[in-house]
Amino acid sequence: MTHPFGHAGRINFRSRLGFGASGLGTLYRDVSEDQAAAVLSAAYEQGLRYFDTAPLYGHGLSELRVGRFLRTIARETVTVSTKVGRYMVPPYGEAVDYGLWASPLPLKSVFDYSYAGTMRSLEQSANRLGIADFDLIYIHDVDRFTHGDAYERRFNEAIEGCFRALDDLRKAGHVKAIGVGVNESDVATRFLKAATFDAVMMAGRYTLLDRQAEEDLLPEAARQGTEIVVAGVFNSGILATGPDRAGATYDYGAPPPAVMARAQRIAAICRAHEVPIQAAAIQFPFRNPLVSAAVLGMSRPERISQNIAWSRHEIPEAFWLEL
């Protein structure tokens, strides 16, 4: 692959390998303050210069932790992105379902894709992160998986509200770039056709295992000159552990039989070429020139050096041809 630490794209990602801070919001398991600080320091010391977070991650906890770290380094040395579409409020006695977050802040998440809601979300993020200038803001989770029957209404609200707010901030120079972060490639494509975005964060749909984005998003991004940031390169686990490990997950659940069969075929090709499946998963998206960066979720210091080593692992061209 191209060197993981070169600058990339017009957005100027200061490293092509990005640190995804969802784990610092205690996704699935608790992460102490000390561990969060240690993993952020390790990421920076080993050359990662793009940090991505969101209000949802730990209901504000991830942004707080990233903000604490940002105050220890020179702001201009890193690219920082966060997301809009939710803000946090005190629950005032209401029971809150914290979902996948093991130990989040005791706040309630409110969906709001309106103009005012977008500004409120960004004001809260600025306070938690301690920065006034954002490199990149994504509209977060406007998709069928998140909103079900309300998806159509939310999409329209996001174009009328979120996009207008972010576009105004972009024109005024307060936000350098704006994007969309979703798990469904047809939804991302619809956003690109509806408004002018600088980037799309595509989670799980342009990976070694799932190439849905090739059918709709990538051709549209090429037409528009939109940069792609990939997330979920391991498809929530199956490509991180390998498909033969018990309990391997795909999109946060059990892999469907067709997906499992495909994963096993990929794993067999990896074994034949002596290529770690994780290295192939990280490097695959970078073979497409539209991809400017890949964000990997990490919450343990040892994961940093492991992911960097995989990103640099020499993979023979014969492997990609067979794939």
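Now for a description of the structure that goes with this document.

Rules of the game
- Counting from 1, residues in each chain are numbered in the order their sequence is written.
- Whole-chain, interface and lining totals are the exception, using all residues; otherwise, since this is a predicted model, local features are given only for residues with pLDDT of at least 70 and side-chain atom pairs are given and counted only at 80 or more.
- Side-chain numbers here rest on the full set of heavy atoms in the structure, without hydrogens or water.
- Under the scheme used here, helices are H or I runs from DSSP no shorter than 4 residues and strands are E runs no shorter than 2 residues, and both carry numbers assigned from the N terminus.
- By definition here, a salt bridge exists when the distance from a side-chain nitrogen of Lys or Arg to a carboxyl oxygen of Asp or Glu is within 4 Å.
- Only protein chains enter the accessibility calculation, which uses a 1.4 Å probe; a residue whose area is less than 20% of its type maximum is buried, one above 50% is exposed, and one in between is partly exposed.
- Aromatic rings from Phe, Tyr and Trp, with only the six-membered ring used for Trp, were paired whenever their centres fell within 6.5 Å, and each pair was classed as stacked if the ring planes differed by under 30 degrees, edge-to-face if by over 60, and tilted otherwise.
- Whether a charge sits over a ring depends on NZ of Lys or CZ of Arg being within 6 Å of the ring centre and within 35 degrees of the ring normal.

**Concerning unusual backbone geometry**
The backbone phi angle of Tyr28 is positive, close to 75°, even though this residue is not glycine. The topology assignment puts Tyr28 in the loop between strand E1 (17–20) and helix H1 (33–45). We note that Tyr92 has phi near 50°; this positive angle belongs to a residue other than glycine. Position of Tyr92 relative to the elements: it lies in the loop between strand E4 (86–89) and strand E5 (108–111).

**Description of the pattern of salt bridges**
In the structure shown here, the tally under the stated rule is 23 salt bridges. The salt bridge involving Asp167 is made with Lys171; its shortest N-O contact spans 3.0 Å. Here Asp167 and its partner Lys171 are both found in helix H5 (residues 151–171), four residues apart, which amounts to about one turn of the helix. Its salt-bridge partner being Asp251, residue Arg205 comes within 2.8 Å of it at the nearest N-O pair. Of this pair, Arg205 sits in the loop between strand E8 (199–203) and helix H7 (217–224) while Asp251 sits in the loop between helix H8 (238–241) and helix H9 (257–273), and the two are 46 residues apart along the sequence. Judged by its relative accessible area of 11%, Arg205 falls in the buried class. Judged by its relative accessible area of 35%, Asp251 is partly exposed. Connected through shared salt-bridge partners, Arg75, Asp133, Asp135 and Lys176 make up one network.

**Remarks on the packing of aromatic side chains**
Tallied over the entire structure, the rule returns 13 aromatic pairs. Note on Phe111 and Tyr113: the rings are 6.2 Å apart at their centroids and 20° apart in plane angle, and the pair reads as stacked. The exposure class of Phe111 is partly exposed, given its relative accessible area of 28%. Assessed through its relative accessible area of 0%, Tyr113 is described here as buried. Feature note: the residues Tyr151, Phe155, Phe163, Phe191 and Phe197 constitute an aromatic cluster, connected by ring pairs. A cation over an aromatic ring shows up here: Arg190 above the ring of Phe155, its NZ or CZ 3.8 Å from the ring centre.

Any functional reading would require information that these geometric values do not contain.
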